[in-house]
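Observations on the model geometry
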Amino acid sequence: MVSRGELQRRHRLLREAMESEGIDALVAGASAQLDQRGLLRWLFDYYLPVFEEYAVIPLDGPAVFFAHNGGSASHAAQCFLVNDVRVIPPKDWNFDRGRLPADFIRNHGFKKVGIAGTAGISAVFFRSFLARLSVLPADFSDRAAESRMVKSDEEIRLIKKTIELNEATLKVYLDHAEAGKPECEAMNAASCFAAEAGAEDQFWMEGTGTDGPPSPSPGALRTGRCRQKGDYAVVVIEHSAPGGYFGEVVQTIRTGKRDSSLEEAHSAVIEAIRSASGMIRPGNRVGDVAAAAERTLIERGYPVSPTGDGSPSPVGHGQGLDFWEIPSVSSDNDRIIVPGMRFNLHPSASFPGGGKVSFCDCWISNEKSAERLSTLPCEIAYR
């Protein structure tokens, strides 16, 4: 799905960052978590199926892939820029899975080693890997994330395709989200559609309710509850399309007649998104984008709550081969916007009764401002 030229561009970027930090070998790891598998996909267009796997990328020299088993090794061997594949022996997997990568690094005499993807790598790997090295590796995860943050033209084309898939999936969902039908029917029908349309991975969140907060979708699947007149729902769809890039849709749904308090809160959310998107310009801070959304919500009478540790709550985030990537769109983020940064904006507002509404708009920064990638109408879906 990804061109060889694009993969070579990525390796150049990564090695430039390694050189600037004095790193002469990088261990890149990934696990099957949907927010921790993208690094190996970005480097090699390698789809990681289940178990965590690793690659060692020298500053000068070919990359070596360390696979979980023979099937994964065969898959990795087909990937461009994977020059050598080694299988971690079954006897090492449970207790010593870092042995092979560490032995490779030690045998080649690399002096300064970096490691990226640390949030998704197991303690089993770290314990055995660190025990076999004489020096502590530098955490290179943030620098690797920065290399991935700015999207190329080829990546933007793939992102647009995945947003199309997610929005088409929502339309199927809405066709089945009617009063009198089981709550799970819409998700089931839309999941089948997405799979047939080529979705690689599917991630859903759904809540429905009447007067109080929405109940989680697993409850609907267990109880077989049918939608009722007066219900509202917030559905989140974050599927990846062929090529591995994720999209995001957040849609508020109302079953029955229009509701003024719901409409007012939703209107504030859309106005906040418009204020925020207007601040996506090269040279501005990422925090300026979030602050614009917060100001609008507060002016409209919807308080903005901090996180549990008192820091500002994000109103959005980046996205790509992981469904959550930097930048985190929070008002304390001083990162400067440059062309090619992706922004998924989804502020929320609570309304009387304990309910909450939200909507997601996806944007990409360009040379002057930003391009809206989403095409959905910015309104509540009434069924």
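Below is a summary of the structure that appears in this document. All values reported here derive from a predicted model rather than from experimental measurement.

In this structure, the largest pocket encloses a volume near 620 Å³. Together, 27 residues line the largest pocket, and His-346, Pro-347, Ser-348, Lys-356 and Ser-358 are the ones closest to its centre. Elements supplying a minimum of two residues to the lining of the largest pocket: β7 (204-209), β9 (232-237), α12 (286-299), β14 (348-351) and β15 (355-358). For the lining of the largest pocket, the residue count by class is 15 nonpolar, seven polar and five charged. It is helix α7 (residues 141-149) that provides the largest number of residues to the lining of the second largest pocket, a total of six residues. Among the residues making up the lining of the second largest pocket, the classes are represented as eight nonpolar, six polar and five charged.

Locating Asp-259 in the fold gives a position in the loop between β10 (249-254) and α11 (260-277). Spatially, the C-alpha atoms of Asp-259 and Tyr-382 are 10.0 Å apart, while their sequence positions differ by 123 residues. With residues up to four places along the chain from it excluded, the contact list for Asp-259 reads Arg-254 and Tyr-382. From its side chain, Asp-259 meets the backbone nitrogen of Leu-262 in a polar contact 2.7 Å long.

Turning our eyes to something else, we now look at the packing of α11 against α12. When two helices pack together, their arrangement is captured by the angle between the axes and the distance separating the axes. At their nearest, the axes of α11 and α12 sit 8 Å apart, and the two run at 150 degrees to each other. In terms of their interaxial angle, α11 and α12 are classed as roughly antiparallel. Between α11 and α12 lies a crossing of right-handed hand. Across from Ala-268, Val-269, Glu-271, Ala-272, Ser-275 and Ala-276 in α11, the residues of α12 making contact are Val-289, Ala-292, Ala-293, Thr-296 and Leu-297.

Let's shift gears to helix α1 (residues 4-20). Compared with an ideal rise of 1.5 Å per residue, which puts 17 residues at 24 Å, α1 spans 24 Å between its outermost C-alpha atoms and is within 8% of the ideal. Taken together, the buried positions of α1 are occupied by Glu-6, Leu-7, Arg-10, His-11, Leu-14, Ala-17 and Met-18. Down the axis of α1, the sector holding all buried residues measures 135 degrees, keeping them to one side. Among the exposed residues of α1, those oriented more than 90 degrees off its buried face are Arg-4, Glu-16 and Glu-19. Among the structural elements, β1 (25-30), α2 (38-44), β2 (53-58), α7 and α8 (153-176) are those in contact with the buried residues of α1. Positive backbone phi, at 75 degrees, marks Gly-22, one or two positions downstream of α1.

A separate point is the pattern of salt bridges. For the structure on display, the rule yields 30 salt bridges. The partner of Arg-335 in a salt bridge is Glu-146, and the shortest N-O contact between them spans 3.7 Å. Taken together, the positions of Arg-335 in the loop between β12 (325-328) and β13 (342-345) and Glu-146 in helix α7 put the pair 189 residues apart, joining distant regions of the chain. Of the charged contacts, one joins Glu-263 and Arg-258 as a salt bridge, the two residues approaching to 2.8 Å between their closest N and O atoms. On the accessibility criterion, Glu-263 (26% relative accessible area) is partly exposed. What emerges from the salt-bridge pattern is a single network uniting Lys-91, Asp-92, Arg-99, Asp-103 and Arg-106.

The subject of this paragraph is empty space enclosed by the protein. Under the criterion given, the structure shown has one cavity of 30 Å³ or more. Along its surface, the largest cavity is lined by Arg-37, Arg-41, Tyr-46, Tyr-47, Leu-48, Glu-200, Asp-201, Ser-240, Gly-244, Phe-246 and Leu-321. Taken together, the residues of the lining of the largest cavity break down into five nonpolar, two polar and four charged.

So, about the pairing of strand β16 (residues 361-365). For β16, the tally of buried residues reaches five of five residues, placing the bulk of the element in the interior. By the alternation rule, side chains of β16 split into Asp-361, Trp-363 and Ser-365 and Cys-362 and Ile-364, which are all buried. Relative to strand β17 (residues 370-372), β16 runs antiparallel, the two being bridged by three bridges. Bridge pairing links Trp-363 to Arg-372 in β17. Linking two consecutive strands that pair antiparallel, namely β16 and β17, is a turn of four residues.

Strands pair in a sheet through their backbones, by hydrogen bonds, and they do so in one of two ways: parallel or antiparallel. Ordered by their spatial adjacency, five strands build an open sheet running β12-β11-β13-β16-β17, and the pairing between neighbours is antiparallel. On the outer flanks of this sheet lie β12 and β17, each paired with one strand and no other. When strand polarity is set aside, the average angle formed by the axes of neighbouring strands in this sheet is 30 degrees. In terms of strand pairing, strand β11 (residues 316-318) meets β13 through two bridges, oriented antiparallel. Along β13, the bridge assignment pairs His-317 with Asn-344.

Thresholds applied
Residues numbered from 1 in each chain as written. Predicted model: local features only at pLDDT ≥ 70, side-chain atom pairs only at ≥ 80, totals over all residues. Heavy atoms only, no water. 1 Å grid on protein atoms, 1.4 Å probe; cavity = no way out; pocket = protein on both sides within 12 Å on 5 of 7 lines; lining within 4 Å. Points joined across faces, edges and corners; volume = space filled by probe spheres on them. Helix = DSSP H or I, 4+ residues; strand = E, 2+ residues; numbered from the N terminus. Nonpolar A, V, L, I, M, F, W, Y, C, P; charged D, E, K, R; others polar. Contact = heavy atoms within 4.5 Å. Polar contact = N/O pair within 3.5 Å; in protein donor to acceptor, adjacent residues only side chain to side chain. Axes fitted to C-alpha atoms, helices over the stretch in contact; angles between N-to-C directions. Parallel < 35°, antiparallel > 145°, perpendicular 65-115°, else oblique. Left-handed = near helix turned anticlockwise from the far one by under 90°. Expected span 1.5 Å × (residues − 1). Buried < 20%, exposed > 50% of the residue type's maximum accessible area, 1.4 Å probe, protein only. Arc of directions from axis to C-beta. Salt bridge = Lys/Arg side-chain N within 4 Å of Asp/Glu carboxyl O. Pairing = 2+ DSSP bridges.

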